[in-house]
Amino acid sequence: MQRSLAATSADAGLDHEFRRRLERSSTDTVPVLEAGTSYAHEDSRIADAIRSMRKPDGPVRILEAGCGNRWPIDLGNLDYHLVGVDLDAEALRIRTAVRKDLHEAIVGDLCTTPLPAASFDVVYNAFVLEHIERADLALENMIQALKPGGLLVIRLPDPQSARGFVTRRTPFWFHVFFAKYVEKRPNAGQPGYAPYPTHYHRAVWKDSLLAMSASHGLRCFWMVADNHAREEKGALGSLARG
């Protein structure tokens, strides 16, 4: 199962649809849970939200927090500057030497790596927080790096779904086995490639994410729940604006 949520401040440069959502939202309201259709559709919606951050005076600064070995969002002709942070040095090597889609690469732990305060228009975090033992610290670090009026995107497997339950209750070796032999990913578990050990800190559950968003003045304007799968994976996706 997948969930998506979004929050923003009133000075946000969102497109018309997201603007209407924002006008109906506040820091203490939760949007109606929508039914999603596919990961491709959600990727497109996220791309629209990021493109809406377009600026007349320079590139949109994007932090990909936990960037892994690829950037999945097609931003078309948007002028942007992409900074990737990841603890996996091999994943970053793949990004810089093979994909060549990062402008800056930082090897570091999202919980402790100093991120410049209020410096990014967009912070994008996908399928990472469930793997961080102190995800609460990583969230705090990402939020403080977001500019006022910035966009926060969070996506992760829903811990309250059936798949999330199985993931939480099975050992890591089983996750590697499943990825390698069922999902047919031969590099699974090797340096630079998922899966990674899963922790599911309480901070990544939906109610905790909503509470943390509200506590930082983020306004939730989009939340989606899906039963679709991409590579047999459900996800929780979250968009937030500060």
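In this report, we go over the structure that sits alongside the text.

Reading the values: the criteria
- Residues numbered from 1 in each chain as written.
- Predicted model: local features only at pLDDT ≥ 70, side-chain atom pairs only at ≥ 80, totals over all residues.
- Heavy atoms only, no water.
- Helix = DSSP H or I, 4+ residues; strand = E, 2+ residues; numbered from the N terminus.
- Buried < 20%, exposed > 50% of the residue type's maximum accessible area, 1.4 Å probe, protein only.
- Areas by Shrake-Rupley, 256 points an atom, 1.4 Å probe, with all protein chains shown as cover.
- Patch = residues over 30% accessible without salt bridge, like charges linked within 9 Å, V, L, I, M, F, W, Y side chains within 5 Å.
- Salt bridge = Lys/Arg side-chain N within 4 Å of Asp/Glu carboxyl O.
- Pairing = 2+ DSSP bridges.
- Core = buried A, V, L, I, M, F, W, Y, C linked by side-chain atoms within 4.5 Å.
- Contact = heavy atoms within 4.5 Å.
- Right-handed = clockwise from strand over helix to strand, strands pointing away.

## Re the overall build of the chain
Part 1 of the reasoning: Helix and strand counts for the chain stand at seven helices and nine strands.
Part 2 of the reasoning: Every one of the 242 residues in the chain was classed for burial, and the buried ones make up 52%.
Part 3 of the reasoning: Carbon and sulfur atoms make up 55% of the accessible area of the chain, which amounts to about 11000 Å² in all.

## Focus: a nonpolar patch on the surface
Part 1 of the reasoning: A cluster of nonpolar residues, Phe165, Val166, Trp173, Phe174, Phe177, Tyr181 and Val182, forms a patch on the protein surface that exposes about 730 Å² of accessible area.
Part 2 of the reasoning: When residues of the nonpolar patch are traced back to their parent elements, those giving at least two are α5 (162-169) and α6 (172-182).
Part 3 of the reasoning: Counting residues per element, the nonpolar patch draws most heavily on α6, which supplies five residues.
Part 4 of the reasoning: Considering the arrangement of structural elements, one finds Phe174 in helix α6.
Part 5 of the reasoning: According to the relative accessible area criterion, Phe174 is partly exposed, its value standing at 30%.

## A closer look at the pairing of strand β4 (residues 80-86)
Part 1 of the reasoning: For β4, a buried count of six out of seven residues is recorded, marking the element as mostly surrounded by other parts of the structure.
Part 2 of the reasoning: As paired strands, strand β3 (residues 60-65) and β4 are joined by six bridges and run parallel to one another. Each bridged residue has a counterpart across the sheet, and for Ala65 the counterpart in β4 is Val85.
Part 3 of the reasoning: Of the strand pairs in this sheet, β4 and strand β5 (residues 104-107) are connected by four bridges, and their pairing is parallel. Each residue of the ladder has a partner; that of Gly84, found in β5, is Ala105.

## A look at unusual backbone geometry
Part 1 of the reasoning: For the bond from Ala194 to Pro195, the omega torsion is 5 degrees, close enough to zero to count as cis.
Part 2 of the reasoning: Looking at the element boundaries, Pro195 is found in the loop between α6 and α7 (206-215).
Part 3 of the reasoning: One non-glycine residue, Phe127, adopts positive backbone phi at about 55 degrees.
Part 4 of the reasoning: Residue placement: Phe127 occurs in the loop between β6 (120-126) and α4 (135-144).
Part 5 of the reasoning: Unusually for a residue other than glycine, Lys184 sits at a positive phi of about 60 degrees.

## Focus on the nonpolar core
Part 1 of the reasoning: If you look at the biggest cluster of nonpolar residues, it comprises 29 residues, and the most contacted ones within it are Leu63, Val123, Leu129, Ile132 and Leu139.
Part 2 of the reasoning: Looking at this core, the element that brings in the most residues is α4, giving five residues.
Part 3 of the reasoning: Excluding its chain neighbours within four sequence positions, the residues that come into contact with Leu63 are Val83, Val85, Leu115, Phe120, Val122, Val123 and Tyr124.
Part 4 of the reasoning: Residues Ile62, Ala126, Val153 and Phe221 belong to the second largest nonpolar core, which totals 22 residues.

## Considering the pattern of salt bridges
Part 1 of the reasoning: Under the definition given, this model contains eleven salt bridges.
Part 2 of the reasoning: The closest approach of N and O atoms between Asp207 and Arg202, which form a salt bridge, is 2.9 Å.
Part 3 of the reasoning: Taking relative accessible area as the criterion, Arg202 reaches 42% and is therefore assigned partly exposed.

## Section: α4
Part 1 of the reasoning: In terms of burial, α4 is a largely internal element, seven of the ten residues being buried.
Part 2 of the reasoning: Here the buried face of α4 lies against β3, β6, β7 (146-156) and α7.

## Quick word on the environment of Val98
Part 1 of the reasoning: One can find Val98 in helix α3 (residues 89-99).
Part 2 of the reasoning: With 28 residues separating them in the primary sequence, Val98 and Arg70 have C-alpha atoms 9.6 Å apart.

## Quick notes on the pairing of β7
Part 1 of the reasoning: Counting buried positions along β7 gives nine out of eleven residues, so the element sits mostly inside the fold.
Part 2 of the reasoning: Pairing between β6 and β7: six bridges, direction parallel. Note on β7: the bridge partner recorded for Phe120 is Leu146.
Part 3 of the reasoning: In this view, the connection linking β6 to its parallel neighbour β7 by way of α4 has right-handed handedness.

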